[in-house]
Each structure stands twice: as C-alpha cells, then as structure tokens.
Amino acid sequence: MFEKERIEEIERRRKEWEEGVLKRTLEKFGMKVSPNRVYTPADVKDFDFLEKVGFPGEYPFTTSEYPSNLPALRIRGGVSAVLVRAARYSGYGAPEDTRDYYNHMREALGRRGGPNIAFDLPTQCGYDSDDLVARGEVGKVGVTVDTLRDFEVIYEAFVGDNDLDKIASNWTINAPCNIILAMYLALAEKRGIPIDRLRGTPQNDILKEFVARGTYIFPARPSMRMIRDTITYCTEHMPLMNSISICGYHMREAGAIPIQMVAFTLCNAMAYVQLGVDAGLDVDTFMRRFTFLVWSTGMDFFKEIARARAARRIWAKIMRERFGAEDPRSWMLRGAGGVGVPTHTLTLQRPLNNVTRNVIIGIGNALSGGVPTGGVPYDEPLGLGHSLEAEQLSIDAGRILQFEAKLGDVIDPLAGSYYVEHLTDRAEEEIWDIIQRIDAMGGAVAAIESGYMQREIARGAYEYQRQVEMGERVIVGVNRFTGEQELEVLTHRLVEHPYDPKKRAEAEERQLKNLAQVKGARDNGQVQATLKRLKEEAGDEKANLIPPILEAVKAYASVGEMCNVLREVFGEYQAYNVTA
C-alpha cells in the first residue's frame, strides 16, 4: 500500500514523536509508558486490499459472508420484525406446554416461522422421563421429548400456513440428533409432506459437546459415524435440510480464549467436512448445508472485530486450498455473522448494564461485516424464558442501531484501518498456529481424545476467573464500582413471564403419565423388532442408521430405548478429567 521509502519515513517520524512530544507529555504526568498506542501504515507493511480484504461476498470473505446484509437486516430488526420468541431458542415443560406457548406467541404477538426448540437435559442425553437418572430434570431447561407422540403434540402449533413445508425448524440437539430428525421425517410422512421439502437445522455438533457443553452419549468415533449418517442422508434425500450447525459459541462460554474458539471450531468443522469427503460425497454439494452458529464474543472491541474477520478469511482458504472446493458458497463461514453475542459477559449483578454491553457488541457486529443487533435480552443470565420486556429492549436496540445510527449502511467500514488490519493479521497468525498444532496431533478427534482441547479450555476458564477475582479484568458492578453508594436499577414486569412456573413444576408428573400411556398402547412386539434391527445395523460401521431409527420412531420406540441399544454397541463416552 505504501512504498518502502515512505514506510521508513513513517517509522522515523514515529520514533521522533515518541521521543519528543509523547515523552514530554508522559513525564508531565509522571508516567513512563503510554496507556494508548497509535497505528500507522508501518504496522501493515504488506497490506494488499484484494488479497487480504476483497469485496463483500467474495474470496477471501474477510469483509463479509454476503455481498449485502439486507436480508439479515430485515429479519433481525427491520420494519417486518415483531416482538416474538418462538423463532428464538425456546421450549419448556411437557410437550403440551411448549405447544401452548408457541400458539400463544402466534395468536397474541404475531409470531411467524418455525420453532427453535430447546430440549430438556434427559432428552439431550438420551434418557426417558421415567429413567431414574432423569428425576428432577424433566422439562426444566427445555421441553421433554420421549417418543414421536411428543413431537406430534409440539408441532400441533404448526399447521396450515405454518405447516412443515412452509417453515424451518431448528433443534438444539446433538448426541440423539438423528432420532429427533427421524421424528420430523415421520411427522412429515403422517402429514403427507415430501421430505425433500423440509427445511431446518439440527445442531448436531458433537465434538464441542465433548469439550464444552457436555450433552454427549457415545464415544467420539461412533458419534462421528452418526454425523456422517446425517450428512449423507440429508444430501441424498433432504436437499433443503441443513445437516449441522458448527459451534464455537459454547467453547467460548466454557472458557476458551477468542483465538482458541475460532481455531477449535474450524478444526472441528474440518473433521465434519472430511466425513462427507470420505463418504464419497461432492464437497460443493454437501457444504451448501453446513452452517455455523453465531460466535460468542467478549468486550475487547477491536480485537473481537479482528477475530471475526480473520475467521472468515481462514475458513475460505481452508475450503478452497485444503478441500479443493470450487463453489464460492463452500468457502463461506455461513451463519457466523460478525463478532457474535456477548452472553458470557452478561451479569446477574446490575443486569440492566447488560443493555449497554449488548449495544456495544451490536455496534461491533455492524463494524465486523455483520448486522447491527440488540443482542440477547439483558436478563438472560436469570435463565431461559426471560422477560418480554427485556426482549423489547433488545429488539429496539437493534432498530435504533439500524434506523437511527444507520450502522447497516456500510459493510466492514474498518477495512483498511491500520490498527484493525494489524489485529486481523495477528489473529489469523495465532489461529493458524493452533490449527497446525491440532493437525499435527491427527485432527480434532485426536485432540479431544488426548484431552488437549479440554485442558486448554479449562486453563482459559481458570485464568479468566483469576483475573476477575484479582481485579485485573474489570467487570462493572461485579468486581468494581460496587460500593453502597451505587444504585441497583430495576425494572417492573409489564406482562407475565412467558413460561408458566406451575406447568414447569408439574411437567415431570404429567410426562410420566404421557409416556406410560404410549408404552401401554403401542405394539411392543414391533418396538422390539425395530430395536433389534437398529442394534444389528449399528454393528455395521458402513450402515446408515437413520432408516432403522426412523423405523423405530414410527413404532413409538422411545429416545431412551433407542439410545440404550446404541449404548450396548458403541459404549458411553468417559469424560476427560482435566485435573488428573
């Protein structure tokens, strides 16, 4: 960008400034080192716009995934946005409770589109509601699903203009993902809807479960086999269904530092891409249905922007050079957006401060190739099912950033900034270093089996907490500015909590009755026959398990029964002890 002689002149002038004007100012205030730094063209000597940045929606995708953010702007806060919750992560209690919730959101608040279903822990971990392990957890952190009957009840809220072929459904489900997917297939068949018209996204990212989120069932390698089955089945039969949503978010929430979050995510993603390649699929075909979940971000504003830009650039290079993808759509970090959402930075203490945190990150999204958003509702630290008042503030914050501040008018406006380009290059270099280290171990699965990722995330979590407790990392209202003179600013509820606490408390008892009725009414001989076939097919590594799972689902075999059969064949994952 600048000639060598000009760079040398800038470096000479900067040294004169540091030893002159800056030094005299610091001495005046009794300081030796400035708390600020100035960046110049000398910090990005080799900057080439076309090579390092390019145009939105084109290689190397540094600036943005898409040539225009207009569709995302309309969805996330534009004139068509309404106060809804069903399309967000939601679900609680028994299936009837979640069905009624979705109906209420549509009728009272104009909800449109399909659900993004949160399942309870027993469902996510492959246990039925009547399992002793599930006691006390049924319907607590999400809706419980034991059999196809429960799926049928939930989706009673989605008929007519909202039927399965007119909506997209998202499911935060991982280890038993193919069971949930099979339930959707069975439901579509009952309604006479061709499965090639179904849209949706299962999370299905099991590798991050082993290192961060914890809802795993089977060991890593048979778990990867199950994901291979999803990829191949969806590619062959469900061209509109995403096969996976790859997540860095949870690893950051668990303690990974920013560059680790990106590196671990991309290494996991490479392992999933390799599954499709090894199955003989065309990479440019199945990659169209790979998505990435939005990042988790911190408050280090410019570094987080650089991290998001570097991630897009690295993934584009991986897909084009390592996997030989030729379709530019395969090079995109589809769905990751800008810097992300600041969930792990939100606090229980003085929760209204989270509005400010969300707005800062919303600006960061707009400046990093994403869209300006209001973030997550400020009271989310209080638990899933937060208030509609907080949701209103979140949506309005995004609207203000878009319509009043006009932050959606320009994509990646910091492109070419000496500081941001320097940070982007540095972040890229650090991320590549971790990727190469994991490559040398044999890839993501080997790195997880050795405990490398788990140790690194645990180390990051420890260091973060140490910094907070020692006051090295300031969190307003938590470890600083907490004196008696500070005010605890609160809001008043205007509408009832969206989840009925009485229904949640009674969900387990009602669901046990539901499950007992299903088990009593079904053809248990047929159930056993389908479970036997599932076990036989599981023993054949080359077999795709979705067809036998679908057969068992249609016989009303339960999640726990199917997972127990697979446990007999695959075994169970034993968590790595990071303290050992």
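Residues numbered from 1 in each chain as written. Predicted model: local features only at pLDDT ≥ 70, side-chain atom pairs only at ≥ 80, totals over all residues. Heavy atoms only, no water.

Draft legend 1. Just the overall build of the chain, in detail. When helices and strands are counted, the chain shows 22 helices and 6 strands. Taken over C-alpha atoms, the radius of gyration comes to 25 Å for the chain, in line with the 25 Å a tight globule of 580 residues would show. Among the 580 residues that make up the chain, the fraction classed as buried is 54%. Considering only contacts in the chain between residues 6 or more positions apart, those separated by 24 or more positions represent 77%. Summed over its atoms, the accessible surface of the chain is roughly 25,500 Å², and 53% of this surface lies on carbon and sulfur atoms. (Helix = DSSP H or I, 4+ residues; strand = E, 2+ residues; numbered from the N terminus. Rg over C-alpha atoms; globule rule 2.2 N^0.38 Å. Buried < 20%, exposed > 50% of the residue type's maximum accessible area, 1.4 Å probe, protein only. Contact = heavy atoms within 4.5 Å. Areas by Shrake-Rupley, 256 points an atom, 1.4 Å probe, with all protein chains shown as cover.)

Draft legend 2. How the structure looks around the environment of leucine 545. Structurally, leucine 545 is set in the loop between helix 20 (524-538) and helix 21 (546-554). Sequence-distant contacts of leucine 545, defined by excluding residues within four places in its chain, comprise Arg225, Met226, Asp229, Leu534, Glu537, Ala538, Leu566 and Phe570.

Draft legend 3. Here's a closer look at the side chain of threonine 297. Note that threonine 297 resides in the loop between strand 6 (290-292) and helix 13 (301-322). The contact partners of threonine 297, leaving out residues within four places of it in the chain, are Arg252, Glu304, Arg307, Val339, Gly340, Val341, Pro342, His344, Thr345 and Ile361.

Draft legend 4. How the structure looks around the state of the cysteines. Applying the stated criterion across every chain yields a total of 0 disulfides. You can see cysteine 247 has no disulfide; the closest cysteine sulfur is in cysteine 177, sitting 11 Å from it. The exposure class of cysteine 247 is buried, given its relative accessible area of 0%. For the unlinked cysteine cysteine 563, the closest cysteine sulfur is that of cysteine 125, found at 9.5 Å. (Disulfide = S-S within 2.5 Å.)

Draft legend 5. Up close: the confidence of the model for the chain. The share of residues in the chain with pLDDT of 70 or more is 95%, and the mean pLDDT across the chain is 92. When the criterion is pLDDT under 50, residues 75-86 qualifies, and its contacts beyond four places in sequence or with other chains add up to 43 contacts. (pLDDT = per-residue confidence, 0-100.)

Draft legend 6. View of the environment of glycine 298. For glycine 298, the location among the structural elements is in the loop between strand 6 and helix 13. Residues within four places of glycine 298 in sequence aside, it is in contact with Arg252, Glu304, His344, Thr345 and Ile361.

Draft legend 7. Fine view of helix 8 (residues 206-213). With 6 of 8 residues buried, helix 8 is to be regarded as a mostly interior element. Of all the residues in helix 8, the buried ones are Ile206, Leu207, Lys208, Glu209, Phe210 and Val211. Those residues of helix 8 that are buried are in contact with helix 9 (220-237), helix 10 (249-254), helix 11 (258-278), helix 17 (444-449) and helix 18 (452-470). Count one or two residues on from helix 8 and you reach glycine 214, which has phi positive near 95 degrees.

Draft legend 8. Quick peek at helix 7 (residues 177-191). Look at helix 7: 21 Å from first C-alpha to last across 15 residues, which is about the 21 Å you get at 1.5 Å a residue. With 12 of 15 residues buried, helix 7 is to be regarded as a mostly interior element. Turning to helix 7, its buried residues are Cys177, Asn178, Ile179, Ile180, Leu181, Ala182, Met183, Tyr184, Leu185, Ala186, Leu187 and Ala188. Where helix 7 is buried, its residues touch helix 6 (148-154), strand 3 (168-172), strand 4 (199-202), helix 9, helix 21 and helix 22 (559-570). Looking one or two residues beyond helix 7, the residue adopting positive phi is glycine 192, at roughly 75 degrees. (Expected span 1.5 Å × (residues − 1).)

Draft legend 9. Structural view of the pairing of strand 4. Examined bridge by bridge, strand 3 and strand 4 share 4 bridges and lie parallel to one another. Bridging across to strand 4, serine 169 finds its partner in glycine 200. Taken together, strand 3, helix 7 and strand 4 constitute a β-α-β crossover, and its handedness is right-handed. (Pairing = 2+ DSSP bridges. Right-handed = clockwise from strand over helix to strand, strands pointing away.)

Draft legend 10. Structural view of unusual backbone geometry. Between tyrosine 59 and the following residue, proline 60, the backbone shows a cis peptide bond with an omega angle of 10 degrees. Position of proline 60 relative to the elements: it lies in the loop between helix 2 (49-52) and helix 3 (70-77). The phi angle at phenylalanine 481 is positive, at roughly 60 degrees, despite the residue not being glycine. Note that phenylalanine 481 resides in the loop between helix 18 and helix 19 (501-521). Here phenylalanine 481 falls in the partly exposed class, since its relative accessible area comes to 43%.

Draft legend 11. Representation of the packing of aromatic side chains in the model. For the structure on display, the rule yields 21 aromatic pairs. Here tyrosine 101 and tyrosine 102 contribute two aromatic rings whose centre-to-centre distance is 5.6 Å and whose plane-to-plane angle is 55 degrees, an arrangement assigned as tilted. Taken together, a centroid distance of 5.2 Å and an interplanar angle of 90 degrees make the contact between phenylalanine 301 and phenylalanine 302 edge-to-face. Phenylalanine 301 gets classed as partly exposed once you look at its relative accessible area, which sits at 21%. By relative accessible area, phenylalanine 302 is classed as partly exposed at 35%. Grouping aromatic residues by their ring pairs yields a cluster made of Tyr92, Tyr101, Tyr102, Phe151, Tyr155, Phe158, Trp171, Tyr184 and Tyr499. The ring centre of tyrosine 39 lies 4.4 Å from the NZ or CZ of arginine 37, which sits over that ring. We note arginine 320 situated over the ring of tryptophan 331; from NZ or CZ to the ring centre the distance is 5.4 Å. (Phe/Tyr/Trp six-rings, centres within 6.5 Å; stacked < 30°, edge-to-face > 60°. Lys NZ or Arg CZ within 6 Å of the ring centre and 35° of its normal.)

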